[in-house]
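Observations on chain architecture
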Amino acid sequence: MFAVFKREFLSYFRNPVGWVAIALIGVISGYYYTKMLTGAVSNVDISMEINFLRGFFIILIPIITMRLFAEEKRNGTDVLLYTMPFSMKSAVLGKFLAAISLQAMMLLCVFFHMIITIALSGFVSPAAWGAIFAYMVLAALFISIGMLTSAMTENQIMSAVFCFVILLFLNLLSSIASSLSEMLKSFLKFTHLFNLSDSAIYSAGENVRKAIVWFDPYEKTNCFTTGVFKIVPLVFCLSFTFVFAYITYRVLEKKRWSQS
Amino acid sequence: MARKTAKESILQEKTVKSPKVKVRSDKRFRVLKNASVISVILVVAICIVFNLIVDLLLDKKLTFDTTSVKQNSITSLSESYLKDLDKKVEIIGLFDKNDTSIEWRDYFLPILDDYEAKADGMIDLRYIDPDVDPFILTQLDPNNVYNLQKYTYVVKCGDILVPVNPYSCFEYDSDMLYYYGVYKPVGNQIENTFTGYIRYVTSGRPLHAYYLGGHDLPGHSNLDNILLSLGMVSSEFTISNESAKIPDDCELLVILEPKSDITIIEKEVIKSYIDNSGKILLVNDFDKENTQNYTNLNDLTLRMGVTLEQGIIHENDVTRLYTASDPYTSIATVTDSYAQTIGLQLDLYNANCRYLKIASDRPSEVYVSPLVVTSGSASVDFQNAQIDASVSAGTYPVILMSVDATNSQAPSCMIIAGTSAFTSDSYYSTRTLSDNNAVFVRRMIGDICEISIERTIPTKTIPSYALSKPLSSSAATMWSIIVMTLIPIACLICGIYTYRRRRHL
């Protein structure tokens, strides 16, 4: 596993992908930090910066993960993965850890901002650390999704597009849930189906919305920026990370059988 | 020739058997594929069920408030109220919970979740956007008595309802407002507000304080919060005609820093309120710019044995001054007898205190006693250098309590404060409601309204993210260039260098 991790992690820095990703996050976080620093009151809240950075997962995660397995296929080195004397679990885990390590490297910019804030007599609240923790857990979940799309496709661009679409869907899940809830309410009101009262229709719509929003990882981890540390959202993200990593493993196993 | 050799027979047999082998291989592949699909479905199902169980059973227990002042959780005092709740309370947020553009949203959501979690099902917290469900406003307030608006909360128990304006749950930095026009919250009163409202709507005896409207009534959100901490809800009302009456549920009438004299009609209505065992808090500080004589207001206070004089208290004891150059801003003390009554002896802030004179010709049933006084060496500076021979250096009252014991069962009571330092928003914006003046005024109101005083829920200080040493524009530019340009460019140079070195590999 360590060999896969090492090879994969170093490969990010042996071609421009890793550097460009770090530069990109450096510009984005730097812009937000500068905006806080040069404001009328110099209100520097690092947790808000982390919250802002979460919005760029849909661009960064596909860039990081698109090449994980799709490039192996393109280069024809996937056969090596299937025939090497280690299990597919190790391959999946090694590549996952490499991607998450790159994500952690990107946060070095934020740590640098924290040091500047302290040096300039600012305040770094515990909420900032909670937000960083939640950011990494959320990144783990999205990387596992990106890894799956990479394993399922044979083209890096297709992998990135699929990953982008899934992450965009997750980003809009709350809005989608609200729209579906409204549609259901309108439908029930218009058709008089089941002859429900207004309050029952409202409850039905709300419950549908809540059920969909329950799957929204953004919504679940929003509280960390306000200083609330919850274990349950972390369990949610990590367990679904495991699920997507497991599906990736099964997809690769299936490919291995097909090869043989 | 026609006879087959043994080798040929075996080969023929093999070719015949080979399709069977292929069939066996496909079957194995199908089984493996099915097992794989089933295992994936099982893992997903187990994950969802596991998360649902953890969410339902452990979400509230595994939630921690990492803020230094426990901004997102309620104190033991609120918890004890919630444990004693015997009626179901609804807290309804009239906005979309997921609307991140609401600037105060993040302050309210976690702490109200904590209320719900710790109330053992006695608090029902809901968020309903009136734009999505317009009927909610008419459902809550069918007669539009409260004029409910979007972006507010409602606390409701049975038929009793109180609207909560989120902006009134904060204390703001007055300097920031003055210099930058920015409402910067420095203190969070959310818990005090909601616990107060929960107490109010569930109590069998709803307490209501009224402010006399008009006369340029100043802002009073901090006094509202003090009253609320006693379970008393406040609102304004105006007296416009002789038939007007002070509401029956008025526990305390507050006349706050009137900039103009009250009308004769107001005087008569308030007098009749006093005659019916009313309780009044009158705050009337001295303002050099305001030369009002307050004839009608003086008539009213004279009914309770006190006159409002055109003079300001001058503190001569330098050890009791806040700043040596300002003799009108000093430290006052609670009188010994009243300190014993309320069980508190505090140093209190006093500024621009009006000279309050105890009338010698007051009715025999009226008893006037000072509650807060200056040092023994204070004097009075009269407006327009007027001289009162009867006034000499000595102890002067800052707050007086006047009780009319004509009706011994239910005496009427008036508290007259010569300074606004106990009630004004501008004073509390820099000192918060944990200040001595707030503690005292809460005790005093609790004493006259016979409300049992319990611990106060402290103001939760909102951490400031502002840099304590302001950044010069050149320093800000320098840091902006470093974080926004130099670091990304350094990364890009590394990327380009790596690409050029390895592009042929």
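See the structure shown above.
Residues numbered from 1 in each chain as written. Chains lettered and ligands numbered in written order. Predicted model: local features only at pLDDT ≥ 70, side-chain atom pairs only at ≥ 80, totals over all residues. Heavy atoms only, no water.

Re the overall build of chain B
- Scanning chain B for helices and strands turns up 13 helices and 20 strands.
- Counting every position in chain B, which comprises 505 residues, the buried fraction comes to 49%.
- In chain B, once contacts between residues fewer than 6 apart in sequence are set aside, the share between residues at least 24 apart is 72%.
- Total accessible area on chain B is roughly 25,600 Å²; 55% of this is exposed by carbon and sulfur atoms. (Helix = DSSP H or I, 4+ residues; strand = E, 2+ residues; numbered from the N terminus. Buried < 20%, exposed > 50% of the residue type's maximum accessible area, 1.4 Å probe, protein only. Contact = heavy atoms within 4.5 Å. Areas by Shrake-Rupley, 256 points an atom, 1.4 Å probe, with all protein chains shown as cover.)

Overview of helix H7 (residues 221–228) of chain B
- By the criterion of burial, H7(B) is predominantly enclosed, with seven of the eight residues buried.
- Those residues of H7(B) that sit buried are B:Asn222, B:Leu223, B:Asp224, B:Asn225, B:Ile226, B:Leu227 and B:Leu228.

So, the sheet that holds strand S17 (residues 379–382) of chain B
Residue and element names in this part refer to chain B.
- Strand order in the open sheet formed by three strands is S15-S12-S17, with antiparallel pairing between adjacent strands. The outermost strands of the open sheet, each flanked by one partner alone, are strand S15 (354–358) and S17. For this sheet the average axis-to-axis angle between neighbouring strands, irrespective of direction, equals 60°.
- Both strand S12 (residues 306–314) and S15 contribute to a ladder of four bridges, which runs antiparallel. Note that in S15 the partner of Val-306 across the bridge is Ile-358. (Pairing = 2+ DSSP bridges. Axes fitted to C-alpha atoms, helices over the stretch in contact; angles between N-to-C directions.)

Regarding helix H11 (residues 173–191) of chain A
Residues and elements named next belong to chain A.
- The terminal C-alpha atoms of H11 lie 26 Å apart, and with 19 residues this matches the ideal 27 Å at 1.5 Å per residue to within 8%.
- Lining the buried residues of H11 we find helix H10 (156–171), helix H12 (198–213) and helix H13 (217–221).
- Following H11 by one or two positions, His-192 has its phi on the positive side, about 55°. (Expected span 1.5 Å × (residues − 1).)

As for the packing of helix H4 (residues 57–65) of chain A against helix H7 (residues 88–106) of chain A
All names here are of chain A.
- Packing of H4 against H7 brings their axes to within 10 Å, and their N-to-C directions diverge by 135°. By the angle between their axes, H4 is oblique relative to H7. For H4 against H7, the interelement crossing comes out right-handed. Every residue of H7 that contacts H4 at Phe-57, Leu-60, Ile-61 and Ile-64 is listed here: Ala-99, Leu-102, Gln-103 and Met-106. (Parallel < 35°, antiparallel > 145°, perpendicular 65-115°, else oblique. Left-handed = near helix turned anticlockwise from the far one by under 90°.)

Examining the sheet that holds strand S5 (residues 160–164) of chain B
Residues and elements named next belong to chain B.
- Strands sit in the order S3-S2-S4-S5 across an open sheet of four strands; the sheet is mixed. The sheet is open, and its two borders are formed by strand S3 (123–127) and S5, each paired with just one other strand. Strand after strand, the sheet turns through a mean of 15° between neighbouring axes, direction not considered.
- With four bridges joining them, strand S2 (residues 89–93) and strand S4 (residues 153–157) adopt antiparallel strand pairing. From the neighbouring strand, Ile-92 faces S4, where its bridge partner is Val-154.
- On the sheet, helix H3 (residues 105–117) packs against S2, S3 and S4 and is oriented at approximately 150° with respect to S3.
- Those strands touched by helix H6 (residues 190–202) are S2, S3, S4 and S5, and its axis lies near 165° from that of S5.

Thoughts on the interface of chain A and chain B
- Every contact between the two is made by 64 residues of chain A and, on the other side, 58 residues of chain B.
- Between chain A and chain B, the buried area comes to about 5,400 Å², and carbon and sulfur atoms account for 70% of it.
- Of all residues in chain A, A:Trp19, A:Val232 and A:Trp257 bury the most surface against chain B, accounting for 11% of the area lost on that side.
- The tally of links between chain A and chain B comes to two salt bridges.
- Here A:Lys220 ties to B:Asp55 by a salt bridge, and the two come within 3.6 Å at their closest N and O atoms.
- At the junction of chain A and chain B, the tally comes to 12 residue pairs in polar contact (both at pLDDT 80 or more).
- Per element, the largest residue contribution to the side of chain A that touches chain B is 14 residues, and it comes from helix H14 (residues 231–259) of chain A.
- Partitioning the side of chain A that touches chain B into residue classes produces 35 nonpolar, 17 polar and 12 charged.
- Relative to strand S1 (residues 63–65) of chain B, strand S1 (residues 228–230) of chain A runs antiparallel, the two sharing three bridges. (Buried area = accessible area lost by both parts, 1.4 Å probe. Salt bridge = Lys/Arg side-chain N within 4 Å of Asp/Glu carboxyl O. Polar contact = N/O pair within 3.5 Å; in protein donor to acceptor, adjacent residues only side chain to side chain. Nonpolar A, V, L, I, M, F, W, Y, C, P; charged D, E, K, R; others polar.)

Looking at the pairing of strand S19 (residues 412–417) of chain B
All names here are of chain B.
- In terms of burial, S19 is largely enclosed, as six of its six residues are buried.
- Neither face of S19 is exposed, since Ser-412, Met-414 and Ile-416 on one face and Cys-413, Ile-415 and Ala-417 on the opposite face are all buried.
- As judged from the five bridges shared by strand S11 (residues 279–283) and S19, these two strands associate in the parallel manner. The residue bridging Val-283 from the neighbouring strand is Ala-417, located in S19.
- Bridging between strand S18 (residues 397–404) and S19 involves six bridges; their strand directions are antiparallel. Pairing of Val-403 across the sheet is with Cys-413, part of S19.

Let's talk about the environment of B:Ile74
- In this fold, B:Ile74 is placed in the loop between S1 and helix H2 (76–83).
- Along the primary structure B:Ile74 and B:Pro110 are separated by 36 residues, whereas in three dimensions their C-alpha atoms are 9.9 Å apart.

Considering the environment of B:Thr66
- Assignment of secondary structure puts B:Thr66 in the loop between S1 and H2.
- Relative accessible area serves as the criterion here: at 30%, B:Thr66 is assigned to the partly exposed category.
- Setting aside its immediate chain neighbours within four residues, B:Thr66 contacts A:Pro126, A:Ala127, A:Gly227, A:Val228 and A:Phe229.
- Reaching out from B:Thr66, the side chain makes a polar contact with the backbone oxygen of A:Gly227 at a distance of 2.6 Å.

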